[in-house]
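Residue-level structural notes
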Amino acid sequence: MEKYKIDATMRLFFAVSGTIVWLGIWLTGFPVVHWLLYVPAVFFTFAVLTGLCPGLIISRMLMGRK
C-alpha cells in the first residue's frame, strides 16, 4: 500500500477540493443533492485522512503503472 501514499501537497489539494464539494452539498441541501456527488466528496476526505487516494488506486488498477 505504500506505493499508493500521497504527499502533503496532494493532501492539501484534496482537503481544499473536498471542503468546497462538501460546502456545495451543504448549501444545496443534503436531501436534495444526488447521491453520486457524495462519491468524490468521500474519496477526497478519505485521501486527506489516510494518505491513500482511492482514485489513484483505481486508476492504477485499470491502466497499470508505468
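Residues numbered from 1 in each chain as written. Predicted model: local features only at pLDDT ≥ 70, side-chain atom pairs only at ≥ 80, totals over all residues. Heavy atoms only, no water.

Remarks on the overall build of the protein
Of regular secondary structure, the protein possesses 3 helices and 0 strands. Counting only C-alpha atoms, the protein reaches 40 × 25 × 15 Å along its principal axes. Residues counted as buried form 23% of the 66 residues belonging to the protein. A fraction of 57% describes how many contacts in the protein between residues 6 or more apart in sequence connect residues 24 or more apart. Accessible area of the protein: about 4,900 Å², with a carbon and sulfur share of 75%. (Helix = DSSP H or I, 4+ residues; strand = E, 2+ residues; numbered from the N terminus. Buried < 20%, exposed > 50% of the residue type's maximum accessible area, 1.4 Å probe, protein only. Contact = heavy atoms within 4.5 Å. Areas by Shrake-Rupley, 256 points an atom, 1.4 Å probe, with all protein chains shown as cover.)

Quick word on helix H1 (residues 8-28)
For an α-helix the count is 3.6 residues per turn, leaving residues at separations of three or four pointing the same way. When the terminal C-alpha atoms of H1 are compared, their 30 Å separation across 21 residues agrees well with the 30 Å that a helix rising 1.5 Å per residue should span. Looking only at H1, the buried set comprises Phe14, Ser17, Gly18 and Ile25. Looking straight down H1, one finds its buried side chains confined to an arc of 100°; they lie on one side. Opposite the buried face of H1, by more than 90 degrees, sit the exposed residues Ala8, Thr9, Leu12, Thr19, Ile20, Trp26 and Leu27. (Expected span 1.5 Å × (residues − 1). Arc of directions from axis to C-beta.)

Notes on the environment of Ala15
As for its placement among the helices and strands, Ala15 is situated in helix H1. For the pair formed by Ala15 and Pro54, sequence separation is 39 residues and the distance between their alpha carbons is 14 Å.

Observations concerning the confidence of the model for the protein
Here the protein shows a mean pLDDT of 90. Residues at 70 or above account for 94%. By mean pLDDT, the top-scoring element of the protein is H1 (95), and the lowest-scoring one is helix H3 (residues 54-63) (86). (pLDDT = per-residue confidence, 0-100.)

Let's talk about a nonpolar patch on the surface
Side chains of Trp35, Leu36, Val39, Val42, Phe43, Ile58, Leu62 and Met63 sit close together on the surface and give an oily, nonpolar patch of about 850 Å² of accessible area. Secondary-structure elements contributing two or more residues to the nonpolar patch are helix H2 (38-50) and H3. Within the element layout of this structure, Trp35 appears in the loop between H1 and H2. (Patch = residues over 30% accessible without salt bridge, like charges linked within 9 Å, V, L, I, M, F, W, Y side chains within 5 Å. Salt bridge = Lys/Arg side-chain N within 4 Å of Asp/Glu carboxyl O.)

Observations regarding the environment of Leu23
For Leu23, the location among the structural elements is in helix H1. Given a relative accessible area of 45%, Leu23 falls into the partly exposed group.

Examining the packing of H1 against H2
At a minimum axis separation of 8 Å, H1 and H2 run at an interaxial angle of 145°. For the element pair H1 and H2, the recorded crossing hand is left-handed. Packed against H1, whose contacting residues are Arg11, Phe14, Ala15, Ser17, Gly18, Val21, Trp22 and Ile25, the element H2 presents Tyr38, Ala41, Val42, Phe44, Thr45, Ala47, Val48, Leu49 and Thr50 at the interface. In terms of residue class, the contact of H1 with H2 is built from 12 nonpolar, 4 polar and 1 charged. (Axes fitted to C-alpha atoms, helices over the stretch in contact; angles between N-to-C directions. Left-handed = near helix turned anticlockwise from the far one by under 90°. Nonpolar A, V, L, I, M, F, W, Y, C, P; charged D, E, K, R; others polar.)

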